[in-house]
Amino acid sequence: MTATMAPAIRSIEAPEAAIRRFAHLVRTGEVDEPLGEMRLGIDLGTANIVVSVVDAGNRPVAGGWVHSTVVRDGVVVDWLGATTAVRRLKEDVERRLGHRFTAASVSIPPGISEGDIKVFRNVAGAAGLDTAEVVDEPVAAARTLGITDGCVIDIGHGTTGVSILDDGEVVLSVDEATGGHHMSLVLAGAYRIDYDEAEAMKKDPARRDDVVGVIRPTLEKMASIAAAALAGRDVPMVYLVGGSSSFPNAPDVFASRLGRPVVRPIEPLFVTPLGIPMKEVGDDRG
């Protein structure tokens, strides 16, 4: 059956400003003055753990992050590492804001088991936090972008996730093992360097020209995953997020393969974390 959805927005100027501000707050440790009640979000990613704080108007006021490998393929593989990192990040933002949090929203990869969802909840619990909400990662990204319908492609460290949303609900989710990790493997092979050197090279803006050509076939594989997921579906607009989508040629590679416009924020790594604690219109979360 063909699903027909019109994109809610074609410009992301307003969301882009919030994403940029959140990225700045995370990188610098600065905080903004909140207007109204603050809410905390936790993103347990494959490459990074990110915490985000927004105020009553969904404006970012603080954040923090740490590189981490506690999650693999949507499963927490290092319990102690996950709980320790979340507790430290929570305590750090509490210190900077002068505010104690008792609850947090937690993001999950779409399609994981109830048992794995419970583990994500338990990580928050071990850090002294009740779970205010469990949010699918593509739903969190859509909140940040201000959309309820369309396709969100999330290129993470381990996988490429393709999710279609209809009225704010995930109606299709595909997650396949091609991500930033595979880019690093390709770079390591091409330049005959070890994996850690390849990771550093991938992230070094000064080496960007050396990287983009080598990783293009990996981006094209990701685009093929998305094309297969979208086959037979009329989804006019695609939103590209995730840290591994940050290369300058990524939107063009996906647009060419998908035959659709592709929108990617300047700071794609921070799209999903920012949306986790956001309150939707009509949401009465305290």
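Small disclaimer: the values here were computed from a predicted structure and weren't measured. (Residues numbered from 1 in each chain as written. Predicted model: local features only at pLDDT ≥ 70, side-chain atom pairs only at ≥ 80, totals over all residues. Heavy atoms only, no water.)

I'm lost on the side chain of Asp43 in this one. Help?
Relative to the assigned elements, Asp43 resides in strand 1 (residues 39-44). Here Asp43 sits buried without a salt bridge, and the closest side chain of opposite charge, Arg143, lies 12 Å off (N-O distance). Excluding residues that lie within four positions of it along the chain, Asp43 makes contacts with Asn48, Ile49, Val50, Ser107, Glu137, Pro273 and Ile276. (Helix = DSSP H or I, 4+ residues; strand = E, 2+ residues; numbered from the N terminus. Buried < 20%, exposed > 50% of the residue type's maximum accessible area, 1.4 Å probe, protein only. Lys, Arg positive; Asp, Glu negative; His and termini not counted. Salt bridge = Lys/Arg side-chain N within 4 Å of Asp/Glu carboxyl O. Contact = heavy atoms within 4.5 Å.)

Would you explain the side chain of Asp55 in this entry?
Relative to the assigned elements, Asp55 resides in the loop between strand 2 (48-54) and strand 3 (60-67). For Asp55, a relative accessible area of 1% translates into the label buried. If we ignore the near neighbours within four places in the chain, the residues touching Asp55 are Pro34, Leu35, Gly36, Glu37, Met38, Arg39 and Val61.

Just to check I follow, could you spell out the sheet that holds strand 10 (residues 169-176) for this structure?
Two pairing modes exist for strands in a sheet, parallel and antiparallel, and in both the strands are linked by backbone hydrogen bonds. Taken in spatial order, the five strands line up as 10-9-8-11-12 in an open sheet, and their pairing is mixed. Since the sheet does not close on itself, it has two edges, and those belong to strand 10 and strand 12 (262-263), each with one partner. Where helix 4 (residues 137-145) meets the sheet, its contacts fall on strand 8 (150-155), strand 9 (160-166), strand 10 and strand 11 (238-241), and the angle it forms with strand 9 comes to roughly 65 degrees. Together, strand 8, strand 11 and strand 12 form the strand contacts of helix 8 (residues 250-258), whose direction differs from that of strand 11 by roughly 145 degrees. (Pairing = 2+ DSSP bridges. Axes fitted to C-alpha atoms, helices over the stretch in contact; angles between N-to-C directions.)

I keep staring at the pairing of strand 2 and nothing clicks. Help me out?
Residues in a regular strand point their side chains to alternate faces of the sheet. In terms of burial, strand 2 is a largely internal element, seven of the seven residues being buried. As judged from the six bridges shared by strand 1 and strand 2, these two strands associate in the antiparallel manner. Residue Leu44 lies in a different strand from strand 2, and its bridge partner there is Ile49. Linking strand 1 to strand 2, which pair antiparallel, is a turn of three residues. When strand 2 meets strand 3, the two strands line up antiparallel, connected through seven bridges. Considered in strand 3, the bridge of Ser52 is made with Gly63. Between the antiparallel neighbours strand 2 and strand 3 lie five residues, among them Asn58 with a positive phi of about 65 degrees.

Which parts of the structure should I look at to understand the packing of helix 2 (residues 79-97) against helix 3 (residues 114-126)?
Helix-helix packing is characterised by the crossing angle of the two axes and by the distance between the axes. At a minimum axis distance of 8 Å, the contact between helix 2 and helix 3 shows a crossing angle of 50 degrees. Relative to helix 3, helix 2 is oriented oblique. The chirality of how helix 2 crosses helix 3 is right-handed. Contacts between helix 2 and helix 3 involve Trp79, Ala82, Thr83, Val86 and Arg87 from the former and Val119, Asn122, Val123 and Ala126 from the latter. Its residues placed into classes, the contact of helix 2 with helix 3 shows six nonpolar, two polar and one charged. (Parallel < 35°, antiparallel > 145°, perpendicular 65-115°, else oblique. Left-handed = near helix turned anticlockwise from the far one by under 90°. Nonpolar A, V, L, I, M, F, W, Y, C, P; charged D, E, K, R; others polar.)

What is the right way to look at the nonpolar core in this model?
Considering soluble globular proteins, one finds that nonpolar side chains tend to be buried as a cluster. Core analysis: the largest hydrophobic core is formed by 30 residues, its most contacted members being Ile153, Leu219, Phe254 and Leu258. When residues of this core are assigned to their parent elements, the largest contribution, 11 residues, is made by helix 7 (residues 208-230). Leu219 has contacts with Met183, Ser244, Asn249, Ala250, Val253 and Phe254, leaving out every residue within four places of it along the chain. Judged by nonpolar contacts, the second largest core, of 29 residues, contains Val61, Val86, Leu89 and Leu129. (Core = buried A, V, L, I, M, F, W, Y, C linked by side-chain atoms within 4.5 Å.)

Would you mind going over helix 3 with me for this structure?
Residues lying three or four places apart along an α-helix face the same way, a consequence of the helix completing one turn every 3.6 residues. Given a rise of 1.5 Å per residue, 13 residues ought to cover 18 Å, and the 18 Å separating the end C-alpha atoms of helix 3 matches this to within 8%. Residues of helix 3 that are buried include every one of Ile117, Phe120, Val123 and Ala124, and no others. Across the axial projection of helix 3, the buried residues extend over an arc of 110 degrees, all falling on one side. Opposite the packed face of helix 3, turned more than 90 degrees from it, sit the exposed residues Glu114 and Lys118. Trailing helix 3 by a residue or two, Gly128 shows a phi angle of about 85 degrees, which is positive. (Expected span 1.5 Å × (residues − 1). Arc of directions from axis to C-beta.)

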